[in-house]
Amino acid sequence: MATGTLDTTAREALASACQDVQDAGETDGVDGVRPGLVARPADTAQVAEVLKAAAAHGLTVVPRGRGTKLSWGLPPASADVLLDVSALDEVLDHAAGDLIVVTQAGARLADLQEVVARGGQRLAIDETVPGASVGGTLATNTSGPRRVATGTARDLLIGITVVRADGVIAKAGGRVVKNVAGYDLGKLLVGSAGTLAVITDATFRLHPLAAAHRWVSMPVPGVAEAHAAVQAVVHGQAVPSAVEVDWAEGRGAVSVLLEGREEGVAGRTATVRGLLGDASTESDDAPAGGAAYPWDLAATGDRRATALKLTFALSGLADVLAAATDSGAVLRGSAGVGVAYAALATGTPLEDVRTAVDRLRRVCTGHGGSLVVVDAPSAVKDGVDVWGPVPALDLMRRVKDQFDPDHRLSPARYVGGI
Amino acid sequence: MGQAGAAIEAVTRRARELLPADAVVTDRARLRTYECDGLAHYRVTPALVVLPRDAAQLAGVVRACAEQGVPYVARGAGTGLSGGALPHAEGVLVVTSQMRAITDVRRDDQRAVVEPGVINLDVTRAATPHGYYYAPDPSSQQICSIGGNVAENSGGAHCLKYGFTTNHVVGADFVTSAGETVALGGTAPDAPGYDLLGTVVGSEGTLGIVTSVTVRLVRLPEEVRTILVGFESTDQAGAATSAIIAAGIVPAAIEMMDALAIEAAEAAVQCNYPHGAGAVLVIELDGASVEVEQEYAEVERLCTENGAFEQRLATDPAERALIWKGRKSAFAAVGRISPDYIVQDGVIPRTALPQVLRAIADLSGTSGVRVANVFHAGDGNLHPLVLFDDAVEGAGDAAEKVSGAILDLCIEHGGSITGEHGVGMDKAKYMPRMYTDEDLDTMQLVRCAFDPQSISNPGKVFPTPRLCGEVPGRRKGAHPAQQAGLAEVF
Ligand SMILES: Cc1cc2nc3c(=O)[nH]c(=O)nc-3n(C[C@H](O)[C@H](O)[C@H](O)COP(=O)(O)OP(=O)(O)OC[C@H]3O[C@@H](n4cnc5c(N)ncnc54)[C@H](O)[C@@H]3O)c2cc1C
Ligand SMILES: Cc1cc2nc3c(=O)[nH]c(=O)nc-3n(C[C@H](O)[C@H](O)[C@H](O)COP(=O)(O)OP(=O)(O)OC[C@H]3O[C@@H](n4cnc5c(N)ncnc54)[C@H](O)[C@@H]3O)c2cc1C
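Residues numbered from 1 in each chain as written. Chains lettered and ligands numbered in written order. Predicted model: local features only at pLDDT ≥ 70, side-chain atom pairs only at ≥ 80, totals over all residues. Heavy atoms only, no water.

Visitor: Describe the interface of chain B and chain A, and please don't skip the residues or the numbers.
Guide: Contact residues are listed per partner, giving 87 residues for chain B and 75 residues for chain A. Between chain B and chain A, roughly 6400 Å² of surface is buried when both sides are summed, and carbon and sulfur atoms account for 56% of that area. Contact with chain A buries area across many residues of chain B, yet B:Asp190, B:Pro192 and B:Tyr194 alone supply 13% of it, more than any other trio. Counting across the interface, chain B meets chain A through 38 residue pairs in polar contact (both at pLDDT 80 or more). Going through the elements one at a time, helix H6 (159-162), strand E9 (181-185), helix H7 (196-200), helix H10 (289-305), helix H15 (431-434) and helix H16 (437-450) of chain B are the ones with two or more residues in the side of chain B that touches chain A. It is H16(B) that contributes the most residues to the side of chain B that touches chain A, 11 residues altogether. Along the lines of polarity and charge, the residues of the side of chain B that touches chain A split into 39 nonpolar, 28 polar and 20 charged. (Contact = heavy atoms within 4.5 Å. Buried area = accessible area lost by both parts, 1.4 Å probe. Polar contact = N/O pair within 3.5 Å; in protein donor to acceptor, adjacent residues only side chain to side chain. Helix = DSSP H or I, 4+ residues; strand = E, 2+ residues; numbered from the N terminus. Nonpolar A, V, L, I, M, F, W, Y, C, P; charged D, E, K, R; others polar.)

Visitor: Tell me about the sheet that holds strand E3 (residues 72-75) of chain B, and name the residues and values.
Guide: Residues and elements named next belong to chain B. Ordered by their spatial adjacency, 4 strands build an open sheet running E1-E2-E4-E3, and the pairing between neighbours is mixed. Single-partner strands in this sheet number two, and they are strand E1 (24-25) and E3. Pairing geometry for E3 and strand E4 (residues 92-95), over 4 bridges, is parallel. The residue bridging Ala 74 from the neighbouring strand is Val 94, located in E4. Contacts from helix H1 (residues 3-18) reach E1, strand E2 (48-50) and E4, with the element oriented near 25° to E2. (Pairing = 2+ DSSP bridges. Axes fitted to C-alpha atoms, helices over the stretch in contact; angles between N-to-C directions.)

Visitor: Account for the site of ligand 1, naming residues and giving values.
Guide: All names here are of chain A. Around ligand 1 lies a shell of 32 residues, among which Pro 63, Thr 68, Trp 72, Ser 133 and Tyr 293 are the nearest. Contacts to ligand 1 include Ser 133, whose side-chain N or O atom sits 2.5 Å from an oxygen atom. Take Thr 137: an N or O atom from its side chain is 3.5 Å from an oxygen atom of ligand 1. Of all the elements in the fold, those that place two or more residues in the shell around ligand 1 are strand E3 (61-64), helix H4 (134-140) and strand E10 (197-205). Tallied by class, residues from the shell around ligand 1 come to 14 nonpolar, 13 polar and 5 charged. (Near = heavy atom within 4 Å.)

Visitor: Please set out the packing of aromatic side chains residue by residue, giving values where relevant.
Guide: The full count for this structure, using the stated rule, is 8 aromatic pairs over all chains. With a centroid separation of 4.8 Å and an interplanar angle of 5°, the aromatic rings of A:Tyr293 and A:Trp295 are classed as stacked. In this structure A:Trp295 comes out as buried when scored by relative accessible area, which is 11%. Ring centres of B:Phe174 and B:Phe450 lie 5.9 Å apart, and the angle between their planes is 85°; this geometry places the pair in the edge-to-face category. (Phe/Tyr/Trp six-rings, centres within 6.5 Å; stacked < 30°, edge-to-face > 60°. Buried < 20%, exposed > 50% of the residue type's maximum accessible area, 1.4 Å probe, protein only.)

Visitor: Give me the pattern of salt bridges: which residues, what numbers.
Guide: Summed over all chains, the structure comprises 50 salt bridges over all chains. One salt bridge connects A:Lys400 with A:Asp404, and the closest N-O pair in it is separated by 2.8 Å. A:Lys400 gets classed as buried once you look at its relative accessible area, which sits at 0%. Residue class for A:Asp404 comes out buried when judged on its relative accessible area of 1%. A salt bridge links B:Asp104 to B:Arg106, with the shortest nitrogen-to-oxygen separation between them at 3.9 Å. (Salt bridge = Lys/Arg side-chain N within 4 Å of Asp/Glu carboxyl O.)

Visitor: How would you summarise H10(B) if you had to cite specific residues and measurements?
Guide: All names here are of chain B. The first and last C-alpha atoms of H10 sit 24 Å apart over 17 residues, in line with the 24 Å expected at 1.5 Å per residue. Turning to H10, its buried residues are Glu 291, Val 292, Glu 295, Tyr 296, Glu 298, Val 299, Leu 302 and Cys 303. Just downstream of H10 lies Gly 307, where phi reads positive at about 100°. (Expected span 1.5 Å × (residues − 1).)

Visitor: Please set out the sheet that holds strand E6 (residues 111-114) of chain B residue by residue, giving values where relevant.
Guide: All names here are of chain B. Taken in spatial order, the 5 strands line up as E5-E6-E10-E8-E9 in an open sheet, and their pairing is antiparallel. Two strands in the sheet have a free side with no partner beyond their single neighbour: strand E5 (102-106) and E9. Adjacent strand axes in the sheet meet at a mean angle of 10°, parallel and antiparallel pairs treated alike. Pairing geometry for strand E8 (residues 169-175) and E9, over 5 bridges, is antiparallel. Across the sheet, the residue bridging to Val 175 is Thr 181, located in E9. Each of E8, E9 and strand E10 (209-216) touches helix H3 (residues 55-68); the most contacted strand, E10, lies at about 140° to it.

Visitor: Break down the site of ligand 2 for me, with residues and values.
Guide: All names here are of chain B. Residues in contact with ligand 2 amount to 33 residues; listed here are only the nearest, Ala 74, Gly 76, Thr 79, Ser 140 and Ser 145. The contact in question runs from an oxygen atom of ligand 2 to an N or O atom on the backbone of Ala 74, over 2.6 Å. Alone, ligand 2 offers 980 Å² of accessible surface; in the complex the protein occludes 93% of this. Mapped by element, the contributors of at least two residues to the shell around ligand 2 are E3, helix H5 (146-152) and E10. It is H5 that provides the largest number of residues to the shell around ligand 2, a total of 5 residues. Its residues assigned to classes, the shell around ligand 2 comprises 11 nonpolar, 18 polar and 4 charged. Lining the shell around ligand 2 are residues from two domains, each supplying at least three of them: domain 1 (3-95) and domain 2 (102-219). (Areas by Shrake-Rupley, 256 points an atom, 1.4 Å probe, with all protein chains shown as cover. Domains from an automatic or database assignment.)

Visitor: Summarise the domain arrangement of chain A; cite the residues concerned and give the values.
Guide: Residues and elements named next belong to chain A. The domain boundaries assigned to chain A delineate domain 1 (1-209 + 390-410 + 414-418), domain 2 (212-283) and domain 3 (301-383). Each of domain 1 and domain 2 has a C-alpha centre, and the two are 36 Å apart. Every contact between the two is made by 6 residues of domain 1 and, on the other side, 7 residues of domain 2. Its largest share of buried area at the contact with domain 2, domain 1 owes to Pro 145, Arg 146 and Val 148, together 77% of the area lost on that side. Linking domain 1 with domain 2 are 2 salt bridges.

Visitor: Just give me the short version of the packing of helix H10 (residues 317-327) of chain A against helix H11 (residues 350-366) of chain A, but keep the residues and values in it.
Guide: All names here are of chain A. Where H10 meets H11, the closest approach of the two axes is 9 Å, and the angle between their N-to-C directions is 175°. When the interaxial angle is binned, H10 and H11 end up roughly antiparallel. In this structure, H10 uses Asp 319, Val 320, Ala 323, Ala 324, Asp 326 and Ser 327 to contact H11, whose residues at the interface are Ala 356, Arg 359, Leu 360, Val 363 and Cys 364. When its residues are assigned to classes, the contact of H10 with H11 shows 7 nonpolar, 1 polar and 3 charged. (Parallel < 35°, antiparallel > 145°, perpendicular 65-115°, else oblique.)

Visitor: Describe the state of the cysteines, listing the residues and the values that go with them.
Guide: Residues and elements named next belong to chain B. This model, assessed by the stated rule, comprises 1 disulfide over all chains. Sulfur-sulfur distance for the disulfide between Cys 448 and Cys 468 comes to 2.2 Å. In this structure the cystine formed by Cys 448 and Cys 468 twists about its S-S bond by roughly -85°; its chirality is therefore left-handed. Of this pair, Cys 448 sits in helix H16 while Cys 468 sits in the loop between H16 and helix H17 (480-483), and the two are 20 residues apart along the sequence. Residue class for Cys 448 comes out buried when judged on its relative accessible area of 3%. Free of any disulfide, Cys 303 has its nearest neighbouring cysteine sulfur in Cys 271, separated by 18 Å. (Disulfide = S-S within 2.5 Å.)

Encoded structure:
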């Protein structure tokens, strides 16, 4: 762990490293931890200078994108400097003919989508939290309903520039979709929650915007019906972009998104309705809730629900839904790939949260997946195993030790106390 | 016996305890059969070859190597084209050809679990009865192994739409350079923690060895249409490709061959490609029938608008196979028109295709070295085949020069020195042209985390690996270990 202090010389070093350095205010807290300073560098070079100054003075650093969900994960053990990348907000280059976009990490995902949409394209990552930045999206590997067709950030990222804890700027990958020269550092950074390096630029492959789309939804009265509906669709020939389940109190709905050309979508919509039967309905609008998590994102502190991410092999869906029902959890997610989000209501007693987390985790791991508590009131984060068992933790620690030997980047936020 | 000899002796003894007698090879003649992979002009005879039957045996050998500080190299089917599986003269070659079980095919989960020696196409064969297949399809898919695919992050003609190996591998058992076995990823996606699996895929055996691989299976499409289109020039074929992509169509594959490559394929497999074509495109559309039908009409129109003089739709599997035969046999086929050739593998942004092809033609014109072009046009992955006759003095060098200049062209246009064949032994020297010292040092951090002793396939991928524990970025003059006589000049 780092041992530096934010004394006058350290403050001066940071002030000369970066155009905009201020004392942290009320709203800059990271899950209850109040940072010392907030540094808002103007470009990659300044990010490097800030990290060099922090390294020289042994200061801890937590990167912030747009701060839409900075509370997720565990609170950092310390945050001398909150490194705010929101000034790096430019979408640098949309090469439509090559189906790629180069962007700075602080750009909002929504702004990037607007730029590429002008060329009839999109970055195939759903915005699950309004206002999220590209860097935060990468650091947390967020995904939404459309991952069934196009995968997640790891599948779309083709180049990355990062600044290491020691202030060295490094890049990996490039501007072409196909590239196997050297290690794929982008994959390592995706989902690293700000613990390995600070992302400053990213290059993505894009997809054409679909000309048409249609949602088919069907109410499912029980676990067996939900499971059967999802299996019918994923093994069918409809090529869905999303297969969602929405679940509370032992019943819910299964929704399927079809995207493509006009006639193609019409034909495939008919295919799905054939598979799901008379109870299904179709619409241009996403089902209520859409890509949003099944909890209140605006809630903070103890008013937060206990937010869970569950992953499981497709054949485990019925068991997962049954366990969610027994645990009193509401659940929503991508049943078509085996990734779902669930919430235990605000105010659920710690004992009950523990029981629910244990039960759901047992089912998920039994089906080749995992359960992570992504956000919760502090008492819950303290009282449950947030990350659960993580295989290969030793190797992960060694990676962390190489990239950030003093453990100054987002200390203790991540798996195994990384 | 030197120090290295004693260490190898110790590993050999341990291997004999762990493995059946015929799985430990020390006989000089048998060792020599493993001296090269698909890039045959690099040859090194390994000190020891082992052919473990299962993961436990394999891990045991690696543990012995770790204890003795002996380097080891994994080998799947040895079809690699960058010298990745080139043995180490004082090391062990760990061959996975005896680990060929398809452990599990789980239709309901859309997964298969296979051992690393399993041949790529066998995964699809096992999945097809369930209505599924394994999407990454390198042209070598009848002979290459899944372990090799994982190590190289192999692609194929269909990765334009479906992605590469890395997009289709969700879990693996992995033997670290210390000989420990760990699970990476899982059956489900998004395993918590760093994406070590994503890092291992494409690392060319330099981080460790995979002993079991869990792959995604993809639903067989309802309909497949393969179209062979003849153009007068590569410019026209390139323009048609761009028009298709710009129309928002993502075909399963768009492959291009130029006149010389067509001539070679014709001589080798009589694929009956359009007569007199300066370029052909092989375009494949797949998916739901209604969608494919619509896209087909549009592709046909766009090709005509861009000068296609002949379009042939394969209407049955036999016709489709014939179209693909011409393309998939292209590498071997140039053997018919040239005694020797270099298979190059570079990538450019697709929009730079016309300029780069013209520049390659210029290079060929000025040097007198013939170049046949075969490539994955959809994603800008070029496979120029540089032809020469090694019997002619200086011809090999001239070909090497053209081949290298093509890579420079790729880098100039913001591309890559390899799209799918890997860096291996062959292209390590080009890495500094694509990446800065800082970039390469950062990649070395990963190496040091996984393999601090640098015994897992050392000397590949990176031109000048630094020793782990050394402070990065302060390499001046001779390396300290080198000066102390501990290491050779890398
Ligand atoms: C630990 C964690 C796990 C999450 N898991 C999921 C999930 O599985 N699925 C999902 O849909 N959403 C998830 N989220 C929500 C996600 O954070 C938001 O949806 C959004 O993407 C964050 O964007 P932001 O710009 O507001 O980032 P912030 O809320 O500001 O930061 C989010 C995280 O990313 C880091 N970070 C931000 N920018 C950078 C950068 N440039 N370089 C390095 N690190 C950076 C921060 O340190 C922080 O750990 C998760 C959030 C956290 C913190
Ligand atoms: C005619 C021909 C056509 C080809 N077409 C294509 C193509 O279209 N696309 C493409 O991508 N490639 C192609 N290739 C290249 C080659 O087939 C691929 O790179 C393939 O993945 C190599 O597999 P292999 O089993 O032969 O591996 P090998 O050559 O044995 O080894 C390749 C690398 O993988 C490592 N390795 C092997 N097994 C393991 C393991 N279990 N764990 C860790 N590392 C391991 C080795 O150390 C080495 O670095 C072609 C090759 C030929 C000869």
